[in-house]
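Results of the structural survey
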Amino acid sequence: MKVLSIVGARPQFVKCAPVSRELRKVHEEVLVHTGQHYDYGLSEVFFRDLGIPTPDYHLEIGSGSHGVQTGRMLAAIEEVIAKEGPDVALVYGDTNSTLAGALAAAKMHVPVAHVEAGLRSFDRRMPEEVNRVLTDHCSDILFCPTATAVANLAAEGITKGVHLTGDVMVDALRENLALAKERSTDPGLLPKGYYLATVHRASNTDDPAALGAIMEAFSRLDGPVVFPAHPRTRKKLAEYGIVPAANVRVVEPLPYFDMLAALAGARAVLTDSGGVQKEAYILEVPCVTLRENTEWVETIEDGWNVLVGADADRIVTEADAAGGARRRHSARFGDGHAAERIAAIITEYEP
Ligand code: UD1
């Protein structure tokens, strides 16, 4: 089969690495990079470290408003589909690249396969939630990372083509953790002696009060905070005139290996990322999530994660309490073999 895989943003590079490798054992893969992320540290370094093949098409769409960005991708992906005539289009996660890929393929009657289907935060103000719902509803093959995701789809009437595969981020993490420890740059901090923080969600970065409260909370934590800042967050801090406190080490976005190592060594992580919440769970690092909701409810149920929004007092209280023991661990994100299952299901797929 000819599988057209569409990626564009940092978390998608991590997810596609194990799947691409499995797919290429039996199928022809045509890899499309939309160019949603274009900074070296958000894109190229992931291809290098994770050994992802060079994209066959780089659409160079870049940044823009949601409509402009998604619209440009839609038109450009349509052209690639017309030229390549793939048997299946494979999309990942919940970004604008995901929606554009799914929509372009569905309109051209190419079966859509969605990795990370069925996740819901039930917050339609998040651009990612709109992308997820729409992508799932035009997908033919839905790869769910968790049983919760399968139930979410069933509640929306989607049962056909649904597969519980486990989470491909577990595959990526298991494969790379040892390498990460070997190859990562030493942050020069005592293990479990620092916090790790990431902030990039629009609801936090585009609201000066929210971003200000988060930075104030970081200044009140009892230890250094390693803060790899997404480019949009950096821009917004400068725009609002917010200067991080002396205990906050603002650094460039970390490559995958450095991020895994920094996470594994952190006392706790403070984040609004979805992927980092899961990685923290798998690495048994307490997580304080700077949002009011999450798609990864299992991390909360098992006691590894807590939702605090952008409330400075709640952030500080929960980060302080993060060392407390109130946790259990389960294999609810799968066994590290999700990519093999995904490739096998695509192989057996008959429209
Ligand atoms: C996107 C995804 C989000 C995902 C995140 C991972 C959507 C709606 N959001 O958010 O779900 O968690 O990627 O990082 O698709 N920018 C740069 N260089 C880059 C990329 C972006 O400077 O390489 C800046 C630009 O100012 C841009 C802004 O970041 O306008 C936002 O980038 P965008 O791709 O629109 O969304 P993300 O915030 O990265």
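Look up: the structure comes first, before these words.
Residues numbered from 1 in each chain as written. Predicted model: local features only at pLDDT ≥ 70, side-chain atom pairs only at ≥ 80, totals over all residues. Heavy atoms only, no water.

Quick notes on the nonpolar core
Stated formally: Each nonpolar core is a collection of buried residues, namely Ala, Val, Leu, Ile, Met, Phe, Trp, Tyr and Cys, held together in the definition by side-chain atoms within 4.5 Å. The buried label applies to any residue whose accessible area, calculated with a 1.4 Å probe on protein chains only, is under 20% of its type's maximum; exposed applies above 50%, and partly exposed to all values in between. Helix and strand definitions here come from DSSP, where helices need a minimum of 4 consecutive H or I residues and strands a minimum of 2 consecutive E residues; each element is numbered from the N-terminal end. Each domain's limits were defined by an automated method or a database of domain assignments. Whether two residues touch is decided by their heavy atoms; if any such pair falls within 4.5 Å, the residues are in contact.
One finds Val-19, Ile-52, Leu-90, Phe-143, Leu-196 and Tyr-256 to be the most contacted residues of the largest nonpolar core, which totals 51 residues. Among the elements that make up this core, the one with the highest residue count is helix 11 (residues 256-264) (seven residues). Here this core spans two domains, since at least three of its residues come from each of domain 1 (2-167 + 334-348) and domain 2 (175-320). If we ignore the near neighbours within four places in the chain, the residues touching Phe-143 are Leu-90, Ala-113, His-114, Val-115, Glu-116, Ala-117, His-163, Thr-165, Ile-342, Ile-345 and Ile-346. With 27 residues, the next largest nonpolar core counts Leu-221, Ile-242, Leu-270 and Val-306 among its residues.

So, the pairing of strand 1 (residues 2-7)
Convention followed: For two strands to pair, DSSP has to find at least two bridges joining them. If the strands point away from the viewer and the path from the first strand over the helix to the second runs clockwise, then the crossover is right-handed.
For strand 1, the buried fraction is high: six of the six residues fall into the buried class. The side-chain alternation of strand 1 yields two buried faces, one formed by Lys-2, Leu-4 and Ile-6 and the other by Val-3, Ser-5 and Val-7. One ladder, built from six bridges, connects strand 1 with strand 2 (residues 28-33); its direction is parallel. Of the residues in strand 2, the one forming a bridge with Val-3 is Glu-29. The parallel pair strand 1 and strand 2 is bridged by helix 1 (residues 10-26), and the resulting crossover is right-handed. Bridging between strand 1 and strand 4 (residues 88-92) involves four bridges; their strand directions are parallel. Among the inter-strand pairings, Ile-6 is bridged to a residue of strand 4, identified as Val-91.

What to know about the sheet that holds strand 4
Threshold: A fitted line through C-alpha atoms serves as each axis, taken over the contacting stretch for helices, and the angle formed by two N-to-C directions is quoted from 0 to 180°.
With parallel pairing, the seven strands of this open sheet are ordered in space as 3-2-1-4-5-6-7. For this open sheet the edge positions go to strand 3 (57-58) and strand 7 (162-164), each flanked by a neighbour on one side alone. Across the sheet, helix 1 lies against strand 1, strand 2 and strand 4, angled at about 145° from strand 4, the strand it touches most. The sheet contacts of helix 4 (residues 96-107) involve strand 1, strand 4 and strand 5 (112-115), and relative to strand 4 the element is tilted by about 160°.

A few points about the state of the cysteines
The test is simple: Cysteine sulfur atoms are paired as a disulfide whenever they fall within 2.5 Å.
With the rule as written, the count across this model stands at zero disulfides. Counting only cysteine sulfurs, Cys-144 is the nearest neighbor of Cys-16, a cysteine outside any disulfide, at a range of 20 Å. Here Cys-138 stays unpaired: no disulfide links it, and the sulfur of Cys-144, its closest cysteine neighbor, is 15 Å away.

Regarding the site of the ligand
Condition: Throughout, near means a residue has at least one heavy atom within 4 Å of the molecule or strand. In protein, a polar contact requires one atom able to donate a hydrogen and another able to accept it; more generally it is a pair of N or O atoms within 3.5 Å, and residues adjacent in sequence count only if both atoms are side-chain atoms. Here the Shrake-Rupley method, with its probe set to 1.4 Å, supplies the accessible areas, and only the displayed protein chains count as covering residues. Throughout this entry, Asp, Glu, Lys and Arg are counted as charged residues, while Ala, Val, Leu, Ile, Met, Phe, Trp, Tyr, Cys and Pro are counted as nonpolar. The remaining residues, Gly among them, count as polar.
Close to the ligand lie 21 residues; His-37, Glu-128, His-230, Arg-232 and Lys-235 are nearest. Glu-128 places a side-chain nitrogen or oxygen 2.8 Å from an oxygen atom of the ligand. A distance of 2.9 Å separates an oxygen atom of the ligand from a polar side-chain atom of His-200. The fraction of the free accessible surface of the ligand (740 Å²) that becomes covered by protein chains is 89%. Looking at the shell around the ligand, the elements that each hand over two or more residues are helix 1, helix 3 (66-84) and helix 10 (231-240). Of the residues assigned to the shell around the ligand, the class counts are five nonpolar, nine polar and seven charged. When residues of the shell around the ligand are sorted by domain, at least three fall in each of domain 1 (2-167 + 334-348) and domain 2 (175-320).

Thoughts on the side chain of Glu-29
Within the secondary structure layout, Glu-29 lies in strand 2. A polar contact is formed between the side chain of Glu-29 and the side chain of Ser-20, at a distance of 2.7 Å.

With respect to the side chain of Ser-273
Inspection of the secondary structure puts Ser-273 in the loop between strand 11 (268-271) and helix 12 (274-283). Residue classification places Ser-273 among the buried positions, given a relative accessible area of 11%. Among the polar contacts made by the side chain of Ser-273, one reaches the main-chain amide nitrogen of Gly-275 at a distance of 3.2 Å. If near-sequence neighbours (up to four positions away) are discounted, Ser-273 is found in contact with Thr-198, His-200 and Arg-201.

Comments concerning the packing of aromatic side chains
Each aromatic ring pair is summarised here by two numbers: the centre-to-centre distance and the angle between the ring planes. What counts, and what does not: The criterion for an aromatic pair is that two Phe, Tyr or Trp rings (for Trp, the six-membered ring) have centres within 6.5 Å, with stacked assigned to planes under 30 degrees apart, edge-to-face to planes over 60 apart and tilted to the rest.
All told, the structure shown has five aromatic pairs when counted by the stated rule. Ring centres 5.2 Å apart and planes at 80° place the aromatic pair Tyr-281 and Phe-333 in the edge-to-face group. Of this pair, Tyr-281 sits in helix 12 while Phe-333 sits in the loop between helix 14 (312-321) and helix 15 (338-348), and the two are 52 residues apart along the sequence. The rings of Tyr-281, Trp-296 and Phe-333 are connected pair by pair, giving a single aromatic cluster.

A closer look at the packing of helix 9 (residues 208-219) against helix 10
Put simply, the rule reads: With respect to orientation, any angle under 35 degrees is reported as roughly parallel, any angle over 145 as roughly antiparallel, any angle of 65 to 115 as roughly perpendicular, and every other angle as oblique.
Between helix 9 and helix 10, the shortest axis-to-axis distance is 11 Å and the interhelical angle comes to 100°. As summarised for this structure, helix 9 and helix 10 are arranged roughly perpendicular, according to the angle between their axes. On helix 10, the residues that touch Pro-208, Leu-211 and Met-215 of helix 9 are Thr-233, Lys-236, Leu-237 and Tyr-240. Classifying every residue of the contact of helix 9 with helix 10 gives five nonpolar, one polar and one charged.

Some points on the environment of Glu-156
Relative to the helices and strands, Glu-156 resides in the loop between helix 6 (147-155) and strand 7. You can call Glu-156 partly exposed: its relative accessible area is 27%. Counting along the chain gives 23 residues from Glu-156 to Val-133, while the straight-line C-alpha distance between them is 9.4 Å.

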